[in-house]
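This is what each chain is made of:
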Amino acid sequence: MNEVQKPKKPLIFYYGIVLLVILLFNLIAVPWMAERQIKEVDYGTFMAMTEENNIGRVNVQNNRIVFTDKDNTQIYKTGLMDDPGLIDRLHNSDAVFSSEIIEETSPFLSFLLTWILPMVIFIGLGQFMTKQLMRKAGGQNSMMFNMGKSNAKVYVKSSDGIKFSDVAGEDEAKENLAEIVDYLHNPGKYTEIGASMPKGILLVGPPGTGKTLLAKAVAGEANVPFFSMSGSEFVEMFVGMGASKVRDLFKQAKEKAPCIVFIDEIDAIGGKRDGRAGGNDEREQTLNQLLTEMDGFEGDTGVIILAATNRPETLDPALTRPGRFDRRVPVELPDLKGREEILKVHAKKIKVAADVDFGHIARMASGASGAELANIVNEAALRAVRSGRKEATQDDLEESIEVVIAGYQKKNAIMTDKEKMIVAYHEIGHALVAARQTDSAPVQKITIVPRTSGALGYTMQVEEGNHYLMSKEEMENKIATVTGGRAAEEVAIGSVTTGASNDIEQATRIARAMITRYGMSEDFGMVALETVTNQYLGGDASLTCSPETAREIDRQVVSLVKKQYEKAKRIITENKDKLDELARHLYRNETITGEEFMNILNS
Ligand code: ADP
Ligand code: MG
Ligand code: ZN
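Residues numbered from 1 in each chain as written. Chains lettered and ligands numbered in written order. Predicted model: local features only at pLDDT ≥ 70, side-chain atom pairs only at ≥ 80, totals over all residues. Heavy atoms only, no water.

(A) Up close: the overall build of the protein. Each helix and strand in the protein was counted, giving 23 helices and 17 strands. Within the span of the protein, comprising 603 residues, buried residues form 45% of the whole. (Helix = DSSP H or I, 4+ residues; strand = E, 2+ residues; numbered from the N terminus. Buried < 20%, exposed > 50% of the residue type's maximum accessible area, 1.4 Å probe, protein only.)

What follows is the structure, encoded as structure tokens:
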């Protein structure tokens, strides 16, 4: 993709530069050039020349004497001495007293330097600027200030552009967008049977899943101009500026049709207008203008608007109604196969060993977004360089998953022996409870090497395949697994530590969701007690029930977690021998694999 035009600086900026150049010339360059032509001589030479009547013109300044020889061929200067008879002697030697020696030396050259050269620069710059302006669509931008003009970047197709093949997984989204590209290439096929394309397409999904990337791929595939702008770029300090930018953007787009307009992070301008006093006038005006513009052209003009957001629920309903953004394309977190493909796409950019098992890596990185996977591959390459290898190995990739998820290993963090033992018991507790519950996913790896994220150790679980549904039992087991760490501490060491704060949070979240959202409580049945407010950004939820019910929910959450904790403790107690053996093993080795773990457990 090549960028035809960069966002411009205002014209005044260039005029300023030209003025500065002229000033610098006059202040520095001209005097300097003139000074260079002057030859410095000692006072004796000056006196000798005076006596020989060889002085043409002379100028006695306050700290030096500037003079020429009789033929005016050379300028000299010398220091000023305390010489009372000087003026008389000069007068006697027929010297002409003149104050304009330096300026007169080369009137032509100085004229050239002070006036002609800056003018040439000025005209040259002007011409260059005009050309730049002409290239801008419509060429209507020859005003001094281009405030309120959209500075959308225009992309056109080029050989090094991003293609659909660079976006792995996300097949549904790609299919959807491929249809748009196809329509722009040959609209006849569609208009023949009377189909019209949607005006607006909204890409929604969590951060890092490739929404921006997909839009760029559309630009790379479509042979049409592609205007790209971020929602926040519309919002200016002055009210009305954003609206004028929207108007300008659409004007340009209509002139260039067929074309694609892409507005990234549209929630910056497309948020609900709530009519509250002191609302954001500028944003609302911008949104109103966008709504008007989207109504202002027919579906067959060939302008297609793409937008991306990870907060679709905050968008104004007027924006998402049919006729505006009437198609919504979900861009979800990649599944197992998608993750494997994304890893492979990014692995092409680095050198990887031939025996790397991407399927395995993909399974380990469950829940990772495309951006995180790209990051994992890059970290692996960096790790390979750090250890002096020519290509990234399976080990590098596995370690970089942990780096991306948990931070770097803190090599010289000092844990006391006792702490290390506690962490070992804690982690083995998680793994043991997971393994002893039939439905829980097997353990991939357990480590007690502290991480820069603050984790003192962790147990990595692996999902065998894709999971779309979770049963009530599985969720309960998950709570038990999460509480297993604390249970092991209590059973083996007899006291509890602060190390389980993260676990507690997680257990509570699962238990609460079971009761308020999944209808898995004892007596509430299928009533939604909570609504999720932002599905793609962590999924915060807010309660929608009476305070009495809220109290009852809390009670049930407590009893649910408590029950699972008791279960975890029971499993740990029943397997106390194994717990000790495994914890000691982990303490000695700091990291053990899932296989080692199962071997010891089953021996
Ligand atoms: P967002 O959805 O937040 O706009 P981006 O499109 O900016 O995410 O993705 C960030 C980066 O993550 C991309 O530049 C790309 O390297 C990587 N990435 C994300 N999804 C994918 C994917 N499906 N295939 C390949 N790379 C991806
Ligand atoms: Mg983005
Ligand atoms: Zn834990």
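(B) Broad picture of a nonpolar patch on the surface. On the surface, a nonpolar cluster with roughly 690 Å² of combined accessible area is contributed by F108, L109, F111, L112, W115, I116 and V120. Position of V120 relative to the elements: it lies in helix α5 (residues 107-135). (Patch = residues over 30% accessible without salt bridge, like charges linked within 9 Å, V, L, I, M, F, W, Y side chains within 5 Å. Areas by Shrake-Rupley, 256 points an atom, 1.4 Å probe, with all protein chains shown as cover. Salt bridge = Lys/Arg side-chain N within 4 Å of Asp/Glu carboxyl O.)

(C) Looking closely at the sheet that holds strand β4 (residues 64-69). If you walk across this open sheet you meet the five strands as β2-β5-β4-β3-β6, and the pairing is mixed. Both edges of this open sheet fall to β2 (38-40) and β6 (96-97), since each of them pairs with a single strand only. For β2 and strand β5 (residues 75-79), the ladder comprises three bridges, and the chain directions are parallel. Looking at β5, one finds that E40 is bridged to K77. Across the sheet, helix α2 (residues 43-51) touches β3 (55-60), β4 and β5, and the angle it forms with β4 is around 45°. (Pairing = 2+ DSSP bridges. Contact = heavy atoms within 4.5 Å. Axes fitted to C-alpha atoms, helices over the stretch in contact; angles between N-to-C directions.)

(D) Looking closely at the packing of helix α20 (residues 501-516) against helix α21 (residues 547-574). Between α20 and α21, the least distance of the axes is 9 Å, while the angle of their chain directions is 125°. The orientation of α20 relative to α21 falls into the category oblique. Judged by the sense of rotation from one axis to the other, the crossing of α20 with α21 is right-handed. Along the contact surface, α20 presents A507, T508, A511, R512, M514, I515 and T516, while α21 presents I553, D554, Q556, V557, L560 and V561. Taken together, the residues of the contact of α20 with α21 sort by class into eight nonpolar, three polar and two charged. (Parallel < 35°, antiparallel > 145°, perpendicular 65-115°, else oblique. Left-handed = near helix turned anticlockwise from the far one by under 90°. Nonpolar A, V, L, I, M, F, W, Y, C, P; charged D, E, K, R; others polar.)

(E) Representation of the pattern of salt bridges. Tallied over the full model, the rule gives 16 salt bridges. R327 is the partner of E179 in a salt bridge, and the nearest nitrogen-oxygen pair spans 2.9 Å. With a gap of 148 residues between them, E179 in helix α6 (residues 171-185) and R327 in strand β12 (residues 327-330) connect regions that are remote in the sequence. For E179, a relative accessible area of 30% gives the class partly exposed. Relative accessible area serves as the criterion here: at 23%, R327 is assigned to the partly exposed category. Between K420 and E590 there is a salt bridge whose closest N-O contact spans 3.0 Å. You can see K420 sitting in helix α18 (residues 417-436) and its partner E590 sitting in the loop between α22 (576-589) and β17 (591-593), a full 170 residues away along the chain. Residue classification places K420 among the buried residues on the basis of a relative accessible area of 16%. Overall, the relative accessible area of 30% leaves E590 in the partly exposed class.

(F) Structural view of the sheet that holds β17. The sheet built from three strands is open, its strands ordered β14-β13-β17 with antiparallel pairing. Looking at which strands have only one partner, the edges of the open sheet turn out to be β14 (458-461) and β17. Ignoring strand direction, the axes of neighbouring strands in this sheet form an average angle of 15°. Sheet topology places strand β13 (residues 443-447) next to β17; three bridges connect them, and they run antiparallel. When the bridges of β17 are listed, T447 appears paired with T591. Along the sheet, α22 contacts β13 and β17; its crossing angle with β17, the most-contacted strand, is approximately 120°.

(G) Spotlight on the coordination of the zinc ion (ligand 3). Each protein donor to the zinc ion (ligand 3) is listed here as H426 (NE2), H430 (NE2), D503 (OD) and D503 (OD); together their distances run 2.0 to 2.8 Å. Positions of the donor residues of the zinc ion (ligand 3), expressed as sequence spacing, correspond to H-x3-H-x72-D. Here D503 lies in helix α20 and H430 lies in helix α18, a separation of 73 residues in the sequence. With relative accessibility at 13%, the residue D503 sits in the buried group. (Donors = N, O, S within 2.8 Å, 3.2 Å for Na, K, Ca; no water.)

(H) Representation of the side chain of R283 in the model. Structurally, the position occupied by R283 is in helix α12 (residues 281-295). Among buried Asp, Glu, Lys and Arg side chains, R283 stands out as unpaired, with E284 the closest opposite charge at 4.8 Å. (Lys, Arg positive; Asp, Glu negative; His and termini not counted.)

(I) Summary view of unusual backbone geometry. Even without being a glycine, N53 presents a positive backbone phi close to 55°. Within the secondary structure, N53 is located in the loop between α2 and β3. In this structure, D94 is a non-glycine residue whose phi angle is positive, near 65°. Tracing the backbone through its elements, the reader meets D94 in the loop between α3 (86-92) and β6.

(J) A look at the packing of aromatic side chains. The final tally for this structure, using the stated rule, is five aromatic pairs. Through pairs of rings, three or more aromatic residues link up here, namely Y43, F46, F67 and Y76. Between K420 and the ring centre of Y587, over which it is positioned, the NZ or CZ distance is 4.9 Å. (Phe/Tyr/Trp six-rings, centres within 6.5 Å; stacked < 30°, edge-to-face > 60°. Lys NZ or Arg CZ within 6 Å of the ring centre and 35° of its normal.)

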